[in-house]
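Topology and contacts: notes
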Amino acid sequence: MSKLTLENVSYVYSPDTPFEKEALSNVSIEFKENRITGIIGHTGSGKSTVAQLLNGLLKSTSGRVLLDGQDIFEKGSDVSKVRFRVGLVFQYPEYQLFEETVWRDIAFGPSNMKLDPNEIDRRVRSAASFAGVDEELFEKSPFELSGGQKRRVAIAGIMAMEPDIIVLDEPAAGLDPRGRDEIFNGIKKWRDSHNSTVILISHSMEDMALYADDIIVMKDGKVLTSGTVDQVFQRVDVIKQSGLDIPQITAVTEELTKRGLIDGNGIYTVDKAYEKILEALKER
Amino acid sequence: MLKDITLGQYFSGDSALHRLDPRTKIILVLIYVVTVFLAKNLFSLTFLLVTAIVLVALSGISAKIVLRSIKPVMILIIFTAVINIFLTTSTDAPLINWGVIKIYKQGIVNAVFMIVRILSLIIGSSVLLTYTTSPITLTDGIERLLKPLKKLHVPVHDFAMMMTIALRFIPTLLEETDKIISAQKARGAGFDSKGLVNKAKAFLPILIPLFVSAFRRADELAVAMECRCYRGDEGRTRMRVLKYSSKDAVAFAFSVLFILVVVLLNGISTALAI
Ligand SMILES: Nc1ncnc2c1ncn2[C@@H]1O[C@H](COP(=O)(O)OP(=O)(O)O)[C@@H](O)[C@H]1O
Ligand SMILES: [Mg+2]
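Residues numbered from 1 in each chain as written. Chains lettered and ligands numbered in written order. Predicted model: local features only at pLDDT ≥ 70, side-chain atom pairs only at ≥ 80, totals over all residues. Heavy atoms only, no water.

This paragraph deals with the confidence of the model for chain B. Residue and element names in this part refer to chain B. When pLDDT is averaged along chain B, the result is 86; 94% of the residues meet or exceed 70. Strand 1 (residues 96–98) is the least confidently modelled element of chain B, averaging 79 in pLDDT, while helix 2 (residues 22–38) averages 92, the highest of any element. Segment residues 3–7: pLDDT under 50, and six contacts once partners within four positions in sequence are set aside and those in other chains are kept. Scoring the predicted complex yields pTM 0.78 and, for the interface, ipTM 0.89. (pLDDT = per-residue confidence, 0-100. Helix = DSSP H or I, 4+ residues; strand = E, 2+ residues; numbered from the N terminus. Contact = heavy atoms within 4.5 Å.)

Printed below as a string of structure tokens:
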């Protein structure tokens, strides 16, 4: 269990050049322990930049990143240790596979942690089962696998480090609905059995509604709003303002509410909508 | 970041130099380079430096950026200057005489001349060409200039296309390298291992994904080009047709003037001597 906090963080890419770009300005976020926090925002809103700040791959231009209250760049502390505690799955992680076999690729992270071989094998198997990688694939080359399988191998590679906090940058980008559900369910299972904090980056409000506990909405390098899923969905206008699409079911119930047919603001699941509509029908 | 060391640093803009035809700029740079080596006295070299500064002003690129481009070659400049100072001998009495080390007036003069030459060479050619011409336009210009070689069955178009593609993908691959390095660091990869074999091994996690992705991109690009019926130079038309304009004529006129002035200034010292 670890607590991760961003404190007034700003980040500027290529400072002092004509390509200077402020990607984050004065962002403060507190990630709650043992919860799935979704970071959502339009492309270019700074989500991936946040992800890389969280495990010390980028160093904030100003402000601090705190892990259990300690600045990760504090003098004398070792950033590479932070990277084992805060696992980061990059966007399109399948492009980082390089080993001869799937097993060895998943074992790359744990091997870098200098664990003993038995422990590495245990972690590889456990991570593979959560990420949905069949043990039959272990001796195959990662380059022979399908896109969805590669993605799962890459996610298993981070899970095998058994970090306290796992950050996933658009883990479902480019996958079909089934592959997407499998990956998200795997992540949820992993959180439940490891009691760890999950930070999920996505630009799909639909995914967030299904899988996140808390949501942070970002726009142009700033936090627009944050709160639990219920709270954030009460502010549908803010979500729209950030340039994101709301889930279809939210759009439908919103329209029904506007026409006075039901009383249902901020609904984001089909079940809830069903309930509300039945309620309204009974009252007639 | 790796991405910051882009090759051929092009700065988009709309200055007089940006708007010149790339062929004009290539020829002007050739003229400029030759002239830099023609200049051989204080007057003509000063004139070169002034020309370089005028070019910077014309390009609309800030002096700070131009100065930064000199930084990497500073060592070369200093080295050349030092060599010139210490190794030039002449028949005059040395200015400083410390036994083995003798410094002559001629040595210092040579060093200063060399510094001015290198500086005006770098500033002039980068401002004229690389800073104000996008790589794609540049290859277009080269292709057009080399067109006569086609008669000799030199595959000019194919070379130009290869160069365009290479230039186009350099930033992409650098960006990708950055990403892969970060991704492997996130998995605890260390790049500070000891020993040659270990060092090389540490780079495999970067090199393999990079090669895989370069081949994948090449494959995709080839398919995309074939889908659009690319079949080389034959019957190919261009979106941007290069055309000389009056600006180019003015530029050429100035360059002739420039050569004349340098040659004249070179003559001054001979005239003064007589
Ligand atoms: N390596 C980089 N160099 C310069 N600018 C960058 C770099 N990476 C991202 N940016 C810029 O920073 C902003 C935020 O990017 P990013 O964090 O990747 O957003 P997101 O993941 O939400 O799409 C964007 O405007 C993007 O163009
Ligand atoms: Mg992103």
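The subject of this paragraph is the sheet that holds strand 6 (residues 86–89) of chain A. Residue and element names in this part refer to chain A. Strand order in the open sheet made by the six strands is 6-7-8-3-9-10, with mixed pairing throughout. Looking at which strands have only one partner, the edges of the open sheet turn out to be strand 6 and strand 10 (222–228). Neighbour-to-neighbour, the strand axes of the sheet open up by a mean angle of 15°, direction not taken into account. Taken strand by strand, helix 5 (residues 147–159) contacts strand 6 and strand 7 (165–169), and its axis lies near 170° from that of strand 6. (Pairing = 2+ DSSP bridges. Axes fitted to C-alpha atoms, helices over the stretch in contact; angles between N-to-C directions.)

Moving on to the pairing of strand 4 (residues 62–67) of chain A. Residues and elements named next belong to chain A. The pairing of strand 1 (residues 4–13) with strand 4 spans five bridges and is antiparallel. Pairing of Glu 7 across the sheet is with Arg 64, part of strand 4. Alignment of strand 4 against strand 5 (residues 70–71), held across two bridges, turns out to be antiparallel. Across the sheet, the residue bridging to Leu 66 is Asp 71, located in strand 5. Connecting strand 4 to the antiparallel partner strand 5 that follows it, the hairpin turn spans two residues, and Asp 68 within it adopts a positive phi of roughly 50°.

As assigned here, chain B comprises domain 1 (1–133 + 244–274) and domain 2 (157–240). Taken over C-alpha atoms, the centre of domain 1 of chain B sits 35 Å from the centre of domain 2 of chain B. (Domains from an automatic or database assignment.)

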